[in-house]
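Chain residues, written in single-letter form:
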Amino acid sequence: MVAVCFYFQVHQPYRLRRYSVFDIGKNSDYFDHEKNSSIMRKVAEKCYLPTNRLILDLINETDGRFRVSYSITGVALDQFREYSPEVIESFQDLVNTGYVELLDETYYHSLAFLYSRREFQEQVKLHRKKMREIFHYKPKVFRNTELVYNNYLAYIAKEMGYKGILAEGADHILGWRSPNFLYKPSGTNGIKLMLKNYRLSDDIAFRFSERSWKEWPLTAEKFATWINAVNGNGNVVNLFMDYETFGEHQWEDTGIFNFLRYLPREILRNPDNCFMTPSEVIKSYDPVSELDIPHIVSWADIERDLSAWLGNSMQKSAIENLYKLESEVKESGDERLIEDWRRLQTADHFYYMCTKWFNDGDVHKYFNVYDRPHDSFIAFMNILTDFRIRLKNKNN
Amino acid sequence: MRVLMFGWEFPPFNSGGLGIACYGLTKGLSRQGVEITFVLPRLEGNKGEDYMKVLYAGSGKVRFRSVGSILKPYITSKIYKEEFSRSDPKWSIYGSDLFREVYRYSQEAKRIAEEEDFDVIHCHDWLTYPAGIEAKKVVEKKGSKVPLIVHVHATEFDRTCGNPNGYVYYLERDGMNKADYVISVSNYTKDMIIRHYGINPEKVHVVHNSIDGESEPLLDEEDFEIKKYHKIVLFLGRMTIQKGPDHFLWIAKKISEIDDNVRFIMAGNGDMFSRIVEEAANLGIGDKVLFTDFLSGRDVDKAYRMADVYVMSSISEPFGITVLEAMKNSTPVIVSRQSGVSEIVKNCLVADFWDIDEMVNKILAVLNHPELRESLAIGGLNEIKNFSWDEPARKCISIYEKAIQR
């Protein structure tokens, strides 16, 4: 018996304006509304709406044998409401089928776990609240921003009441072990760890349209045979990926939607296969052993570490200076200041400052709204300077 | 492969990037076994010839010839007349204006072409195009063929900010039309060649300039007294309209209003020099802007090292080799988007030359954030390490080969 567990990440950051030194003290609007709205509308049209429709059809066609899970960030939901409200409705329709699970994460898609436990927990609670408000849903499984994970995170998640947690199935933590089982995080009882099968996930998310890949073109039929091959040496194949894979990272003309359309049918053709959501996986299986992950892992790049967000001194300086303001921001009690401060925590802002792949102009470049990483840093630091002035004026 | 090359200037008697580029390119070519006869309007006496022999000691593949004129690459017709009247009469017999001198250079080129054996003619910028055309004719008269390559380091549109002298434009276009291939130093310039000169894009090949990143030991760390008290923003280039020294002053003015402690060094000379000095005083920043006049050799490196940031504010810069020099000296760079160098260099900041606010924004960011400065300096240095004149030389050789086979 192999369960296929899909989890899709849905996120859009509030992108910053090219905030200049001349804006400091004069303009406290940090976000590029035009860009955010046009990107949101574009992605809604290319990805969210058509993919949601397709998934809804597939759930209905299979009477719920096909099922999936989502983690939708608070800032994505806020921007849906602002720029593309029909996307919220289509997610509500999906959740209402009863075959879609929602996960919790930090509202602002932040790296708060690394800098402030207090802030981290507040953001998770805000996300919980949002899930209740919009979907009348109480998530039971937690995933952290960019699958940033270690033993301690599992402990906190357990303390906050979660039954399961997701992480990257990186080679350097698994060694000879397989990601296709559940594990028990070292040092914590009562929470189960699910690991991403990165090979099969990335076959869809990254390699699907790569013509130089020896498996190109990837068909649903072929992918199903790879799932079948797990039979006998695994309980679950965790396919974790950005939802924008469908229609945005992989454009419609690559055939990605047709792939998704036929995938449930091909996988269910084998009576030993099924689809499960994370909570169902956790109910159905027990951990095969303990997994000790004292150091941080993430799902990014080959390194599977934090270097995409905190790899250079610009990134570190920006984020450290931001978190330094925490107590002052909270003391101010000013809702706008707190909201701005939190929106500035979104991990994407630091990702845009990454110089790691800069020289080979890789995937980072594609996601970068600025010309160069240095420009992102300049805008961010100018904003922070203005923010400090506002904070000081408020607290005086 | 033997190349007959026509140029205008060569270090140490250069006033701009053209001489540096010719020096670098001939070095790269000679390292790959190309034999070059390099023709210059004049050699600066015996000293000059010795110097050039020293430059190529060991390879022996580059020879220099001169035709003894007062041509200078960035000269304007007006300055030429002034200089002409002051110069030695033996150079004056052929004509009293710049264009007659260009003509005379081309006639001398005929004589040289008669005496030399070569497979390709390679001309650097418009003053030498008539010479190249004449040399090609000499070969054709003998009944054989030799390709003509013209290398565009700058166009009249760059030098004059869009108000070209008609005759210079004519000579440029004539050279490009008669050439077998045109080499341009950037896509930015290629675009200009296509748009303003109507040259078939397939005939134009882009060969970006370079720098020998690993060669020549860098200066030792030096303590500059001024740096203890001030942050320094550097302008380095000819003071002509093309380089935007006036824009730099407006930038300096704005920065001074925000940070009183920043000093601006303007290195270079040119037809706008006195105007710029006066303008600095007019703007009330006469005490903040320091002038060094034209710098060469080690002094250039020193200026870069002294600076916290180098700003290339050019209005139209076909390439911008100073950016590579600054990066080699670990100096953070802000470069005008209207430039060729911004096509190939990553570890620098880019802004439109006319966007004074954005220039100021970026300069202040570099001055105020050590992390940014460090990222640009280290990133730039690492990037430059992979640069070498061998690369453009290889591209030129393949263009030569293609032209010969045609």
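Residues numbered from 1 in each chain as written. Chains lettered and ligands numbered in written order. Predicted model: local features only at pLDDT ≥ 70, side-chain atom pairs only at ≥ 80, totals over all residues.

(A) Spatial organisation of the overall build of chain A. When helices and strands are tallied, chain A shows 18 helices and ten strands. The C-alpha radius of gyration computed for chain A amounts to 21 Å, which stays within 12% of the reference 21 Å derived for 396 residues, consistent with globular compactness. Principal axes of the C-alpha set define a box for chain A whose edges measure 65 × 45 × 45 Å. Across the 396 residues of chain A, 49% fall into the buried class. Nonlocal contacts in chain A, meaning residues at least 24 apart in sequence, comprise 77% of its contacts between residues at least 6 apart. (Helix = DSSP H or I, 4+ residues; strand = E, 2+ residues; numbered from the N terminus. Rg over C-alpha atoms; globule rule 2.2 N^0.38 Å. Buried ≥ 20, exposed ≤ 12 C-beta atoms within 10 Å, placed from the backbone. Contact = placed C-beta atoms within 7 Å.)

(B) A look at the overall build of chain B. The secondary structure content of chain B amounts to 15 helices and 13 strands. Sequence separation of at least 24 residues holds for 73% of the intrachain contacts in chain B that already meet a minimum separation of 6.

(C) Geometry of the domain arrangement of chain B. Residues and elements named next belong to chain B. Domain annotation for chain B reports domain 1 (2-210 + 388-405) and domain 2 (225-385). Taken residue by residue, the interface counts 21 residues in domain 1 and 17 residues in domain 2. Elements represented by at least two residues in the side of domain 1 that touches domain 2 include exactly α1 (17-31), α6 (156-160) and α8 (187-197). Classifying every residue of the side of domain 1 that touches domain 2 gives nine nonpolar, ten polar and two charged. (Domains from an automatic or database assignment. Nonpolar A, V, L, I, M, F, W, Y, C, P; charged D, E, K, R; others polar.)

(D) Representation of the interface of chain A and chain B in the model. With 16 residues of chain A in contact, the opposing surface of chain B contributes 18 residues. Where the side of chain A that touches chain B is concerned, the elements lending two or more residues are α13 (313-323) and α18 (373-395) of chain A. Per-element accounting of the side of chain A that touches chain B gives the leading share, four residues, to α18(A).

(E) Main features of the sheet that holds strand β1 (residues 2-6) of chain B. Residue and element names in this part refer to chain B. Spatially, β3-β2-β1-β4-β5-β6-β7 is the arrangement adopted by the seven strands of the open sheet, whose pairing is parallel. Edge positions in the open sheet fall to β3 (62-66) and β7 (204-206), since each of these has one partner strand only. Taking the axes of each pair of neighbouring strands and ignoring which way they run, one obtains an average angle of 25° across the sheet. The pairing of β1 with strand β2 (residues 35-40) spans five bridges and is parallel. Note on β2: the bridge partner recorded for M5 is F38. Its contacts with the sheet put α1 on β2, β3 and β4 (120-124), and the angle it makes with β2 is roughly 160°. Contacts from helix α5 (residues 129-141) reach β1, β4 and β5 (148-152) within the one sheet, and its direction differs from that of β4 by about 165°. (Pairing = 2+ DSSP bridges. Axes fitted to C-alpha atoms, helices over the stretch in contact; angles between N-to-C directions.)

(F) Quick peek at the pairing of β5(B). Residue and element names in this part refer to chain B. For β5, the tally of buried residues reaches five of five residues, placing the bulk of the element in the interior. The side-chain alternation of β5 yields two buried faces, one formed by L148, V150 and V152 and the other by I149 and H151. The pairing of β4 with β5 spans four bridges and is classified as parallel. Note that in β5 the partner of I121 across the bridge is L148. Taken together, β4, α5 and β5 form a β-α-β motif whose crossover is right-handed. (Right-handed = clockwise from strand over helix to strand, strands pointing away.)

(G) Inspection of the domain arrangement of chain A at higher detail. Residues and elements named next belong to chain A. Per the domain assignment, the segments of chain A are domain 1 (2-291) and domain 2 (308-395). If you average the C-alpha positions of domain 1 and of domain 2, the two centres end up 25 Å apart. Taken together, the residues that form the side of domain 1 that touches domain 2 break down as twelve nonpolar, seven polar and seven charged.

(H) Inspection of the environment of S69(A) at higher detail. Residues and elements named next belong to chain A. Within the secondary structure, S69 is located in strand β2 (residues 68-72). In this structure the C-alpha to C-alpha distance between S69 and F8, which are 61 residues apart in sequence, comes to 6.3 Å. Excluding anything up to four places from it in sequence, S69 contacts F6, Y7, V100, E101, L102, L103, T277 and P278.

(I) Examining the sheet that holds strand β9 (residues 262-267) of chain B more closely. Residue and element names in this part refer to chain B. Reading across from one edge, β10-β9-β8-β11-β12-β13 is the order of the six strands in this open sheet, with parallel pairing throughout. Both outer strands of the open sheet, β10 (289-293) and β13 (349-351), are each paired with one neighbouring strand and no more. The mean angle between the axes of side-by-side strands here comes to 20°, regardless of whether they run parallel or antiparallel. With four bridges connecting them, β9 and β10 associate as parallel partners. Across the sheet, the residue bridging to I265 is L290, located in β10. Seen against the sheet, helix α13 (residues 356-368) touches β8 (231-236), β9, β11 (309-312), β12 (333-336) and β13 and runs at an angle of roughly 165° to β11.

(J) Main features of the packing of α1(B) against helix α15 (residues 390-405) of chain B. Residues and elements named next belong to chain B. Two elements in contact, α1 and α15, have axes separated by 8 Å at closest approach and are oriented at 70°. Overall, the two elements α1 and α15 adopt an arrangement that is roughly perpendicular. Residues L25, G28, L29 and R31 of α1 form the contact with α15, whose participating residues are D390, P392, A393 and C396. Here the residues of the contact of α1 with α15 sort into five nonpolar, one polar and two charged. (Parallel < 35°, antiparallel > 145°, perpendicular 65-115°, else oblique.)

(K) Local environment of unusual backbone geometry. All names here are of chain A. Cis geometry is found at the peptide bond from W216 to P217, where omega equals -5°. Position of P217 among the secondary structure elements: in the loop between α8 (198-205) and α9 (220-228). A positive phi is found at D301, a non-glycine position, where the angle reads about 55°. Along the chain, the position of D301 falls in the loop between β10 (287-291) and α12 (307-310).

(L) Examining helix α15 (residues 335-343) of chain A more closely. Here α15(A) has its buried residues at L337(A), D340(A), W341(A), R342(A) and R343(A). Against α2 (74-83), α14 (326-332) and α18 of chain A lie the buried residues of α15(A).

(M) Quick peek at the confidence of the model for chain A. Confidence in the prediction of chain A, expressed as mean pLDDT, is 94, and 96% of residues score 70 or more. Here residues 363-369 of chain A is modelled with pLDDT under 50, and outside its nearest four sequence neighbours on either side it reaches seven contacts, counting other chains as well. (pLDDT = per-residue confidence, 0-100.)

(N) Just the confidence of the model for chain B, in detail. Here chain B averages 87 in pLDDT, and 86% of its residues register 70 or above. Here the predicted complex carries an ipTM of 0.80, next to a pTM of 0.86.

(O) Here's a closer look at the environment of K190(B). Residue and element names in this part refer to chain B. In this fold, K190 is placed in helix α8. In this structure the C-alpha to C-alpha distance between K190 and D308, which are 118 residues apart in sequence, comes to 33 Å. Discounting residues that sit within four places of it in the chain, K190 has contacts with S184, V204 and V206.

(P) Looking closely at the environment of D57(A). All names here are of chain A. The topology assignment puts D57 in helix α1 (residues 33-61). Classification of D57 by C-beta neighbours within 10 Å gives exposed; the count is 12. Spatially, the C-alpha atom of D57 lies 14 Å from that of F259, the residues being 202 residues apart in sequence.

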